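# Structural overview
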Amino acid sequence: MNNLLVFKNRYVQYMRILNRSDYTVWRYQRFLDHFILFLESIKVTDIQQLRSKHILYYQKEVFYHLNPKGRQNLPQTRNNYLKGLVNKICGWLEARVNFQVYDIKQVREFQSV
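Reading the values: the criteria
Residues numbered from 1 in each chain as written. Predicted model: local features only at pLDDT ≥ 70, side-chain atom pairs only at ≥ 80, totals over all residues. Heavy atoms only, no water. pLDDT = per-residue confidence, 0-100. Helix = DSSP H or I, 4+ residues; strand = E, 2+ residues; numbered from the N terminus. Salt bridge = Lys/Arg side-chain N within 4 Å of Asp/Glu carboxyl O. Buried < 20%, exposed > 50% of the residue type's maximum accessible area, 1.4 Å probe, protein only. Core = buried A, V, L, I, M, F, W, Y, C linked by side-chain atoms within 4.5 Å. Contact = heavy atoms within 4.5 Å. Expected span 1.5 Å × (residues − 1). Arc of directions from axis to C-beta. Polar contact = N/O pair within 3.5 Å; in protein donor to acceptor, adjacent residues only side chain to side chain.

## A short note on the confidence of the model for the chain
Of the residues in the chain, 82% have a pLDDT of 70 or more, and the chain-wide mean is 80. Confidence, read as mean pLDDT per element, is least for helix α5 (residues 104–111) in the chain (50) and greatest for helix α2 (residues 22–41) (90).

Given below as structure tokens:
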């Protein structure tokens, strides 16, 4: 099984253990699906390859991404994707899986500007 899918499944399992609502779990699965597709498009196939530069590239991807209506998402939607990824998922990687996304502090500071 793809390492990125294992990562996704572990995070979803973690959310279920925390008794998150079905909607919240579904929403984060969507975030992760979108992020994993992006990572695969730039040839990142293992979670151990993830670096802050990939998250910054993803930030640009989210900004320019067109929704099914052919328009850019609203800023609030973009921010939800990024907050979910950077604060929640990367924080989980650091705390629970003992995996450090290099320079993630730099990404968080950049996001808050």
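## A look at the pattern of salt bridges
Scanning the model with the defined rule gives two salt bridges in all. Lys8 is paired through a salt bridge with Asp33; the nearest N and O atoms lie 2.6 Å apart. With Lys8 in helix α1 (residues 3–17) and Asp33 in helix α2, the pair connects residues that are 25 residues apart, well separated along the chain. Relative accessible area serves as the criterion here: at 35%, Asp33 is assigned to the partly exposed category. Across the salt bridge formed by Asp22 and Arg16, the nearest N and O atoms sit 3.8 Å from each other. Among the residues examined, Arg16 registers a relative accessible area of 46% and is labelled partly exposed.

## Quick word on the nonpolar core
In this structure, Phe7, Tyr11, Phe35, Leu39, Leu50, Ile55 and Tyr58 are the most contacted members of the largest nonpolar core, which totals 27 residues. For this core, the secondary structure elements donating two or more residues are α1, α2, α3 (52–64) and α4 (75–96).

## Side note on the environment of Glu61
Relative to the elements of secondary structure, Glu61 occurs in helix α3. Under the relative-accessibility criterion, Glu61 is labelled partly exposed at 30%. Along the primary structure Glu61 and Phe38 are separated by 23 residues, whereas in three dimensions their C-alpha atoms are 8.1 Å apart. Once you skip the residues sitting within four places of it in the chain, Glu61 turns out to touch His34 and Phe38.

## Description of α3
Here α3 is 13 residues long and its end C-alpha atoms lie 19 Å apart, about the 18 Å a rise of 1.5 Å per residue gives. Turning to α3, its buried residues number three or more, namely Ser52, His54, Ile55, Tyr58, Gln59 and Val62. Taken down its axis, α3 places every buried residue within 150° of arc, on the same side. The exposed set on the far side of α3, more than 90 degrees from its buried face, consists of Lys60 and Tyr64.

## A short note on the side chain of Asn67
Of note, Asn67 is situated in the loop between α3 and α4. Reaching out from Asn67, the side chain makes a polar contact with the side chain of Asn73 at a distance of 3.3 Å. In contact with Asn67, other than residues within four places in its own chain, are Gln72 and Asn73.

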